[in-house]
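Overview (structure and organization)
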There are 2 protein chains.
Amino acid sequence: MPATSPYTERNMEKEITIYDLAKILALSPATVSRALNDHPAINVKTKALIAEKAAELGYRSNTFASHLRTRKTNTLGVIVPRLNSNFMSTVLAGMEEVANNFGYNLLISQSLESESKEQANAKTMFNSRVDGLLVSVAYDTESIDHFAAFISRNIPVLFFDRVMEHPQCGSVVIDNEQAGYDAARHLLDEGCRRIMHVTGDLRRNVYADRMDGFKRALSEAGIEADSASILSTDLSQDAGKSIADHIDQMPAKPDGLFIANDLCAVTCMQALQEKSYTIPGDIAIVGFNNDPVSQVITPQLTTIFYPGYQMGKTAIMAILAQLNGTKPLIQDPIILRSALIIRRSSKRLGDS
Amino acid sequence: MPATSPYTERNMEKEITIYDLAKILALSPATVSRALNDHPAINVKTKALIAEKAAELGYRSNTFASHLRTRKTNTLGVIVPRLNSNFMSTVLAGMEEVANNFGYNLLISQSLESESKEQANAKTMFNSRVDGLLVSVAYDTESIDHFAAFISRNIPVLFFDRVMEHPQCGSVVIDNEQAGYDAARHLLDEGCRRIMHVTGDLRRNVYADRMDGFKRALSEAGIEADSASILSTDLSQDAGKSIADHIDQMPAKPDGLFIANDLCAVTCMQALQEKSYTIPGDIAIVGFNNDPVSQVITPQLTTIFYPGYQMGKTAIMAILAQLNGTKPLIQDPIILRSALIIRRSSKRLGDS
DNA sequence: ATGAAAGCGCTAACAT
DNA sequence: ATGTTAGCGCTTTCAT
């Protein structure tokens with residue numbers, strides 16, 4: 001075999017094109033193209049003929065030629081902080097299901113909680129010409145300038161869960177303020193009076209809002225949420241241990257603990273138990289996310305149910321609606337229902 | 001200016017092409033293209049000039065035109081049974097990291113454990129012209145004909161975790177047989193004599209191999225692994241409960257239990273505890289995967305560490321090596337190390 | 001070191 | 001209902 005150009009070396013089987021099909025069937029490429037796209041003006045019998053031949057010869061549409069013409073990619077970009085959390089992978093599963101049903105592909109990348117990686121991801125997405133972009137921002141993201149290129153080109157950008165405010169961007173969230181309120185209120189109802197809240201980076205809406213709800217519940221109960229009762233951490237498992245140490249050193253220990261993440265809460269709970277604190281007797285605990293671990297720990301962890309799958313599905317539907325012009329722009333955030341799930345880790349009063 | 005659509009007036013930033021760049025700089029498109037691709041024959045100063053202007057005008061390469069010419073997409077397809085398991089999302093996180101470093105994108109889809117969905121996914125991947133395909137097959141996949149199109153076109157297909165045998169396809173796995181052996185052997189060492197194994201669909205290598213290892217350990221110990229001691233389920237959480245019911249009804253109950261999935265094992269364990277069995281006293285339990293829940297359950301669950309992140313990274317490296325011709329074809333499966341992690345759920349003998 | 005020109009495969013006016 | 005034709009923006013011979 002003679003030396004060939006770099007591209008012919010790898011795939012030896014020739015690709016069938018609409019020209020091949022056209023020639024074989026003595027039709028024009030245009031007719032073939034229309035038939036393959038189910039254009040109404042094409043005779044049903046012709047369509048059938050073409051479809052059959054295409055299948056027989058293993059024709060496959062060249063999406064790049066198509067995209068080059070149509071300027072549509074049928075691909076949505078997704079940027080998430082991490083892929084490997086139970087919540088996020090559930091969101092992605094929901095997204096994938098809907099996107100797939102509507103003929104869209106997902107280009108997924110993770111920022112690893114870093115704004116600079118997020119910027120790089122955004123750039124890649126932009127160059128990949130995604131039709132729309134779904135983002136849950138990183139821990140330390142300050143600005144959203146890296147999405148400006150999308151916005152100025154009218155490529156829809158939709159934030160979910162960890163959202164940023166922008167007049168041109170939709171968002172899908174849960175009511176974190178209410179969830180935080182519910183959690184704190186529940187602890188109050190169980191008789192807790194010195195309640196501590198462990199939260200994440202307060203630049204993120206999810207944590208700031210939960211804290212606001214927490215404070216509102218306390219203030220309604222006439223309790224001052226002083227700064228000592230709020231601890232901002234990275235909500236990692238390590239943080240869970242540190243929190244237990246911290247509590248152990250406090251002169252006036254809390255009798256209630258609201259931690260904005262189940263994994264962190266569970267680690268903290270175990271560390272406290274090792275130090276011989278009883279849960280919920282000494283300290284009642286509420287987590288967040290309804291992660292599988294929350295049902296496995298003893299005692300089972302009271303937590304907030306977080307509709308990840310539905311959030312993923314909703315986000316895709318919303319951005320597709322925007323793409324198809326079904327809805328001009330979803331101004332207001334779409335708010336999904338979350339719910340307090342009461343389990344043993346917080347039940348201090350009778351009734352069990 | 002000719003009549004245009006109402007939208008062109010405002011806000012539609014025109015896409016800059018290499019032709020625009022060429023015209024502005026009084027160069028040819030060819031030079032611009034070469035400069036942008038860092039071709040050695042181009043003057044350094046020219047390159048700098050072009051790069052600067054490109055940045056200034058917000059030029060972005062049209063990957064479709066590029067792909068149309070080069071027949072490379074820099075995209076790898078990934079088909080997994082489900083996105084939302086701790087193991088799989090960890091694998092994907094590893095894949096994404098490496099792929100990203102090498103300038104590749106990931107097109108991810110889930111088969112939802114169904115062969116027909118897997119076939120549809122494969123078709124989409126094929127039409128998307130992925131440069132390579134990574135697959136962990138569905139629960140019920142019988143044939144791999146749906147990957148034939150890739151193989152015949154020399155598009156690398158690499159299986160990971162749940163693999164199929166094919167002379168042209170590489171694979172990345174752990175030594176499931178050895179892991180199964182280790183698990184059973186450990187239970188034997190702890191004094192168990194009536195050991196039961198709960199497994200998944202035996203068409204899948206991961207389950208068949210673990211079972212083989214299990215049987216080998218038992219037979220070495222002179223114990224017959226009769227059919228009654230092996231239970232094939234879907235390894236779901238519901239299955240975990242059913243298993244507990246089943247055991248509760250057995251006349252001669254097992255004193256050791258090896259369940260090929262942590263989530264299932266944990267649910268089963270909780271159900272057994274509810275029935276007042278003590279773990280490990282009455283029944284010692286070993287799971288599989290080292291899922292976060294395994295460290296949270298009381299007593300903590302002995303399990304097999306499964307290097308998900310590394311598996312993801314390794315799989316991408318292997319397929320890229322094949323793509324770049326660095327390695328012609330990885331005939332033998334790449335086997336990653338797994339490890340038994342002994343925790344309290346299986347410690348029946350002293351030493352603690 | 002740079003340029004001219006020919007496509008890659010498809011779609012969509014604009015014909016007929 | 002079908003055909004003609006002109007690009008979409010890029011890369012890469014082959015020339016200079």
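The preceding data block contains the structure.
Okay, so let's go over this structure. Here the structure is a predicted model, which is why all the values come from computation and not from measurement.

Each partner contributes to the interface: chain A provides 53 residues, whereas chain B provides 57 residues. Across the chain A/chain B interface, buried area totals approximately 5100 Å², and carbon plus sulfur atoms make up 50% of it. Between chain A and chain B we count 3 salt bridges in total. The salt bridge partner of Glu 15 of chain A is Arg 129 of chain B, with a shortest N-O separation of 3.9 Å. Where chain A packs against chain B, one counts 17 residue pairs in polar contact (both at pLDDT 80 or more).

Time to look at the sheet that holds strand 9 (residues 284-286) of chain B. Sheet strands line up and pair through hydrogen bonds in the backbone, either parallel or antiparallel. Residue and element names in this part refer to chain B. Taken in spatial order, the 4 strands line up as 7-6-8-9 in an open sheet, and their pairing is parallel. Each edge of the open sheet carries a strand with a single partner, namely strand 7 (230-232) and strand 9. Neighbour-to-neighbour, the strand axes of this sheet turn through a mean angle of 15°, independent of strand direction. As defined by bridge partners, strand 6 (residues 195-199) adjoins strand 8 (residues 256-259) across 4 bridges and the pair is classed as parallel. The partner of Met 196 across the bridge, within strand 8, is Leu 257. Contacts from helix 8 (residues 176-189) reach strand 6, strand 8 and strand 9 within the one sheet, and its direction differs from that of strand 8 by about 165°. Contacting strand 8 and strand 9, helix 11 (residues 262-274) runs over the sheet at an angle of about 145° to strand 8.

Turning next to the packing of helix 10 (residues 237-249) of chain B against helix 11 of chain B. Residues and elements named next belong to chain B. The contact between helix 10 and helix 11 brings their axes to 7 Å, and the two run at 40°. In terms of orientation, helix 10 and helix 11 fall into the oblique class. Once helix 10 is placed against helix 11, the crossing between them reads as right-handed. The segment helix 10 lies against helix 11, with Gln 237, Ala 239, Gly 240, Lys 241, Ile 243, Ala 244 and Ile 247 engaging Leu 263, Cys 264, Thr 267, Cys 268, Ala 271 and Leu 272. In terms of residue class, the contact of helix 10 with helix 11 is made up of 9 nonpolar, 3 polar and 1 charged.

Quick look at the sheet that holds strand 6 (residues 195-199) of chain A now. Residue and element names in this part refer to chain A. Spatially, 7-6-8-9 is the arrangement adopted by the 4 strands of the open sheet, whose pairing is parallel. The two strands at the open ends of the sheet, each matched to only one other strand, are strand 7 (230-232) and strand 9 (284-286). Taken pair by pair, the neighbouring strands of this sheet meet at an average axis angle of 15°, ignoring direction. The pairing of strand 6 with strand 7 spans 3 bridges and is parallel. Residue pairing across strands places His 197 opposite Ile 230, the latter belonging to strand 7. Its contacts with the sheet put helix 9 (residues 205-220) on strand 6, strand 7 and strand 8 (256-259), and the angle it makes with strand 6 is roughly 170°.

Here we take up the protein's contact with DNA strand C. The local shell around DNA strand C holds 28 residues, among which Tyr 19, Tyr 59 and Arg 69 of chain A together with Arg 34 and Arg 71 of chain B are the closest. Of all atoms in DNA strand C that approach within 4 Å of the protein, 64% are sugar or phosphate atoms. Residue Arg 34 of chain B places a side-chain N or O atom 2.5 Å away from a base oxygen belonging to DNA strand C. Put simply, the parts of the chain that give the surface near DNA strand C at least two residues each are helix 1 (18-25), helix 2 (29-36) and helix 4 (63-70) of chain A together with helix 2 (29-36) and helix 4 (63-70) of chain B. Top element by residues in the surface near DNA strand C is helix 4 of chain A. It accounts for 5 residues. Among the residues forming the surface near DNA strand C, the class breakdown is 12 nonpolar, 11 polar and 5 charged.

Rules used throughout
- In every chain, residue numbers begin from 1 and rise along the written sequence.
- Think of it this way: whatever chain is written first is A, whatever ligand is written first is 1, and the rest follow in order.
- Totals for whole chains, interfaces and linings use every residue, but because this is a predicted model, local features are given only for residues with pLDDT of at least 70 and side-chain atom pairs only at 80 or more, for both listing and counting.
- With hydrogens and water set aside, each side-chain value is computed from the structure's full complement of heavy atoms.
- Contacts were defined at the residue level, with two residues in contact if any of their heavy atoms lie within 4.5 Å.
- Once two parts are put together, the accessible area they lose, assessed with a 1.4 Å probe and summed over both, is termed the buried area.
- Salt bridges are defined as contacts in which a side-chain nitrogen from Lys or Arg sits within 4 Å of a carboxyl oxygen from Asp or Glu.
- Here a polar contact is taken to be a pair of N or O atoms separated by no more than 3.5 Å, where protein atoms must pair a possible hydrogen donor with a possible acceptor and residues adjacent in sequence count only if both atoms sit in side chains.
- Only strands joined by at least two bridges in the DSSP assignment are considered to pair.
- Helix and strand definitions here come from DSSP, where helices need a minimum of 4 consecutive H or I residues and strands a minimum of 2 consecutive E residues; each element is numbered from the N-terminal end.
- Lines fitted to C-alpha atoms define the axes here, with helix axes fitted over just the stretch in contact, and angles between the N-to-C directions of these axes take values from 0 to 180 degrees.
- Comment on the angle field: the value is read as roughly parallel under 35 degrees, roughly antiparallel over 145, roughly perpendicular from 65 to 115, and oblique elsewhere.
- We call a crossing left-handed when the near helix sits turned anticlockwise from the far one by less than a right angle, and right-handed when that turn is clockwise.
- Nonpolar residues are Ala, Val, Leu, Ile, Met, Phe, Trp, Tyr, Cys and Pro. Charged residues are Asp, Glu, Lys and Arg, and all others, Gly as well, are polar.
- We define proximity as follows: a residue is near a molecule or strand when any one of its heavy atoms falls within 4 Å of that partner.

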